[in-house]
Amino acid sequence: AGWLFRQVGRLVGYRERAEENLTYIFPDMPAPERRRIARAVLDNFGRVLIENYGTADQLALRRLKKQKLRLKDLISRIEDDLTPDIIA
């Protein structure tokens, strides 16, 4: 994910903008250090997206939803068994 966001950041101009901002804030910072920080930010952004919205969490959520439905069905069946049939 980090590699992908580094490429996207380069293409859309994020990295250059980040380096310019770092130059503005830290004028004495060497250019390689600014480049390293800008790349690290994009790497971190990619990891955060994967951690927060990754497929593992979505799969776990789907499993929990299926389990919830099964439990609701089981509760309904038990309630039906406990409720006497009223013949009118």
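Residues numbered from 1 in each chain as written. Predicted model: local features only at pLDDT ≥ 70, side-chain atom pairs only at ≥ 80, totals over all residues. Heavy atoms only, no water.

Peer 1: Which residues make up the overall build of the chain, and what values go with them?
Peer 2: What the chain contains, in helices and strands, is four helices and zero strands. Start at the N end of the chain and walk to the C end: the helices and strands fall as α-α-α-α. C-alpha atoms of the chain, sized along the principal axes, occupy 90 × 20 × 20 Å. Across the 88 residues that make up the chain, the buried fraction comes to 17%. Averaging the positions of the 17 positive and the 13 negative side-chain charges in the chain gives two centres separated by 7 Å. (Helix = DSSP H or I, 4+ residues; strand = E, 2+ residues; numbered from the N terminus. Buried < 20%, exposed > 50% of the residue type's maximum accessible area, 1.4 Å probe, protein only. Lys, Arg positive; Asp, Glu negative; His and termini not counted. Charge placed at Lys NZ, Arg CZ, Asp CG, Glu CD.)

Peer 1: Explain a nonpolar patch on the surface to me, and be specific about the residues and the numbers.
Peer 2: A grouping of Trp3, Leu4, Val8, Leu11 and Val12 is seen on the molecular surface, where their side chains present a nonpolar patch of about 550 Å² in accessible area. You can see Val8 is positioned in helix α1 (residues 2–12). (Patch = residues over 30% accessible without salt bridge, like charges linked within 9 Å, V, L, I, M, F, W, Y side chains within 5 Å. Areas by Shrake-Rupley, 256 points an atom, 1.4 Å probe, with all protein chains shown as cover. Salt bridge = Lys/Arg side-chain N within 4 Å of Asp/Glu carboxyl O.)

Peer 1: Could you give me a rundown of helix α2 (residues 14–25), with the residues and numbers involved?
Peer 2: Over its 12 residues, α2 extends 16 Å from the first C-alpha to the last, a length consistent with the 16 Å expected when each residue adds 1.5 Å. Inspection of α2 places Arg15, Ala18, Glu19 and Leu22 among the buried residues, and these make up the whole buried set. Along the axis of α2, the buried positions cluster into a sector of 100 degrees, meaning they face one direction only. Exposed side of α2, more than 90 degrees from the buried face: Glu20 and Tyr24 are the residues found there. (Expected span 1.5 Å × (residues − 1). Arc of directions from axis to C-beta.)

Peer 1: Describe in detail the pattern of salt bridges, supporting the description with residues and values.
Peer 2: Within this structure, the stated rule accounts for two salt bridges. Among the salt bridges present, the one from Arg15 reaches Glu19, with a minimum N-O distance of 3.7 Å. Of this pair, Arg15 and Glu19 both sit in helix α2, four residues apart, roughly one helical turn. In this structure, the salt-bridge partner of Glu33 is Arg36, at a minimum N-O distance of 2.8 Å. Note that Glu33 and Arg36 are positioned in helix α3 (residues 31–53) at a spacing of three residues, about one turn of the helix. By relative accessible area, which is 28% here, Glu33 ends up partly exposed.

Peer 1: A description of the packing of α2 against α3 should follow, citing residues and the corresponding values.
Peer 2: Where α2 contacts α3, the axes come no closer than 9 Å and their chain directions differ by 130 degrees. The pairing of α2 with α3 is recorded here as oblique in orientation. The handedness of the crossing between α2 and α3 is right-handed. The residues of α3 that touch α2, namely those facing Tyr14, Arg15, Ala18, Glu19, Leu22 and Thr23, are Arg34, Arg35, Ile37, Ala38, Arg39, Val41 and Leu42. Residues belonging to the contact of α2 with α3 are distributed by class as follows: seven nonpolar, one polar and five charged. (Axes fitted to C-alpha atoms, helices over the stretch in contact; angles between N-to-C directions. Parallel < 35°, antiparallel > 145°, perpendicular 65-115°, else oblique. Left-handed = near helix turned anticlockwise from the far one by under 90°. Contact = heavy atoms within 4.5 Å. Nonpolar A, V, L, I, M, F, W, Y, C, P; charged D, E, K, R; others polar.)

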